[in-house]
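Coordinate inspection notes
Single-letter residue listing:
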Amino acid sequence: MRETMEQRLARMERAREIVAHEWEQFQHVRGEGGRASCQDNPEEFEVQRLGQFLTWPMDLLDSYASDLDAADAAGRNLLTEKYARMMESTEPERYARELAPHLPALSPDRVAEQEEIIAIQVAWAREFHAGYPALGAGMRVLTTAEDTLAATSFETYLRGELGTYSDRTLALYRALVDGLIAAGENLTWRTVAYTVILAGYEDLDAAEEAHATG
C-alpha cells in the first residue's frame, strides 16, 4: 500500500522527534578524552541520523522511540551503550574489564540474528561504495577487520547500534531488511540518498560528482 502524504509527514515528524531525543542522549556521552567535537554539531548530527530514520516505516520508528523512552525511565543512555559496544572491537581489553559488565547481556540467538543483518548490510554498503566511489571514500571503512582506535568501521558501528535495540525493534528492523531484499533494493543506497538531499544536493549523482571534483 502506497504511503499517503499525511502518513509521510507524520513519519517524518516522528523521525525528527527521534533525532532530537538521540541528540539529547548524545550530549551525555563521555569518551575517554572528554567531549567530542561532533557533540557540538547538531546540524551534522541531524543530517546523518535523519537520513537513516527516513528509510524506516512508522511501526519501526514508534518502537525505537519507545526504546529511547524506556531507556530514560531506567536511567540508561542508548547512545552511550552504542559507543561502548563498539569498543568490543577497538579496545577489547578495556571493553571486557570496564564496559561489558554494565551493558545488558545479549543472548546467543540475539547475537546470531544481529550478525545475519550485519552481513547483509555490509554487502549492501560494499555495493554502494563500488557504485559511488567518491561518496564511499568519505564514509566509514567497511569491516571490523579495518577498525583502529581512530576509525571505527561501518560493520562495528552497526553492531553497536543493533545491540541497543529492544527485541521488538530488532524484529521490525529485520522485517525492513527482508522487505528490501525481496524488492531488490539496497538500504545503504536509500539512506545515503536521503542524507545527501538533506545536505543540500539534488541527488546521489550530484553529490558523487561534487565529491569527485571537490
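Preceding this paragraph is the structure being described.
What this report covers is the structure whose coordinates are included nearby. Computed from a prediction, not measured in an experiment: that's the story for all the values here. (Residues numbered from 1 in each chain as written. Predicted model: local features only at pLDDT ≥ 70, side-chain atom pairs only at ≥ 80, totals over all residues. Heavy atoms only, no water.)

Here's the deal with the overall build of the protein chain
Looking only at helices and strands, one finds 11 helices and zero strands in the protein chain. Listing each helix as α and each strand as β along the protein chain from the N terminus yields α-α-α-α-α-α-α-α-α-α-α. In terms of C-alpha radius of gyration, the protein chain reaches 17 Å, essentially the compact-globule figure of 17 Å for 214 residues. Projected onto its principal axes, the C-alpha coordinates of the protein chain cover approximately 45 × 40 × 35 Å. (Helix = DSSP H or I, 4+ residues; strand = E, 2+ residues; numbered from the N terminus. Rg over C-alpha atoms; globule rule 2.2 N^0.38 Å.)

Brief notes about the pattern of salt bridges
Evaluated as defined, the whole model comprises 19 salt bridges. Residues Glu 161 and Arg 49 are paired through a salt bridge, measuring 3.1 Å at the closest nitrogen-oxygen approach. Of this pair, Glu 161 sits in helix α8 (residues 154–162) while Arg 49 is found in helix α2 (residues 42–53), placing the two residues 112 residues apart along the sequence. In this structure, Glu 161 and Arg 49 share a single accessibility class: buried. Across the pair Glu 98 and Arg 94 runs a salt bridge whose closest N-O atoms are separated by 3.1 Å. Of this pair, Glu 98 and Arg 94 are both found in helix α5 (residues 92–99), four residues apart, which corresponds to roughly one turn of the helix. (Salt bridge = Lys/Arg side-chain N within 4 Å of Asp/Glu carboxyl O. Buried < 20%, exposed > 50% of the residue type's maximum accessible area, 1.4 Å probe, protein only.)

Section: the side chain of His 129
Among the secondary structure elements, His 129 is positioned in helix α6 (residues 108–131). Those residues within four positions of His 129 in sequence are excluded, and the remaining contacts are Gly 136, Met 139, Arg 140 and Leu 142. (Contact = heavy atoms within 4.5 Å.)

Details of the environment of Glu 98
Taking the relative accessible area as the measure of exposure, Glu 98 reaches 35% and is therefore partly exposed. Each C-alpha atom, one on Glu 98 and one on Ala 84, is 9.6 Å from the other, the two residues being 14 residues apart in sequence. Here the side chain of Glu 98 touches Arg 97 through a polar contact of 3.1 Å, side chain to side chain. (Polar contact = N/O pair within 3.5 Å; in protein donor to acceptor, adjacent residues only side chain to side chain.)

Details of α5
For α5, every residue scored as buried is listed here: Arg 94, Tyr 95 and Leu 99. In an axial view of α5, the angular spread of the buried residues amounts to 105 degrees, which keeps them on one side of the axis. Of the exposed residues in α5, the ones pointing more than 90 degrees away from its buried face are Glu 93, Ala 96 and Arg 97. Against the buried residues of α5 lie α4 (78–90). (Arc of directions from axis to C-beta.)

Let's talk about the packing of α4 against α8
Two elements in contact, α4 and α8, have axes separated by 8 Å at closest approach and are oriented at 135 degrees. Compared by their axis directions, α4 and α8 come out oblique. For the pair α4 and α8, the sense of crossing is right-handed. The residues of α8 that touch α4, namely those facing Lys 82, Tyr 83, Arg 85, Met 86 and Ser 89, are Thr 156, Tyr 157, Gly 160 and Glu 161. Across the contact of α4 with α8, the residue classes tally to three nonpolar, three polar and three charged. (Axes fitted to C-alpha atoms, helices over the stretch in contact; angles between N-to-C directions. Parallel < 35°, antiparallel > 145°, perpendicular 65-115°, else oblique. Left-handed = near helix turned anticlockwise from the far one by under 90°. Nonpolar A, V, L, I, M, F, W, Y, C, P; charged D, E, K, R; others polar.)

Looking at the environment of Thr 152
Relative to the elements of secondary structure, Thr 152 occurs in the loop between α7 (133–137) and α8. With relative accessibility at 17%, the residue Thr 152 sits in the buried group. As for Thr 152 and Gln 25, which are separated by 127 residues in sequence, their C-alpha atoms are 20 Å apart. Setting aside its immediate chain neighbours within four residues, Thr 152 contacts Met 86, Thr 90, Arg 140, Asp 147 and Tyr 157.

Quick notes on the side chain of Thr 55
Within the secondary structure, Thr 55 is located in the loop between α2 and α3 (58–73). A polar side-chain atom of Thr 55 sits 2.6 Å from the main-chain carbonyl oxygen of Gln 52. Once you skip the residues sitting within four places of it in the chain, Thr 55 turns out to touch Arg 11, Leu 176, Leu 187, Arg 190, Thr 191 and Tyr 194.

Observations regarding the environment of Ala 175
Within the fold, Ala 175 resides in helix α9 (residues 167–183). Judged by its relative accessible area of 46%, Ala 175 falls in the partly exposed class. Separated by 115 residues in sequence, Ala 175 and Leu 60 place their C-alpha atoms 9.3 Å apart.

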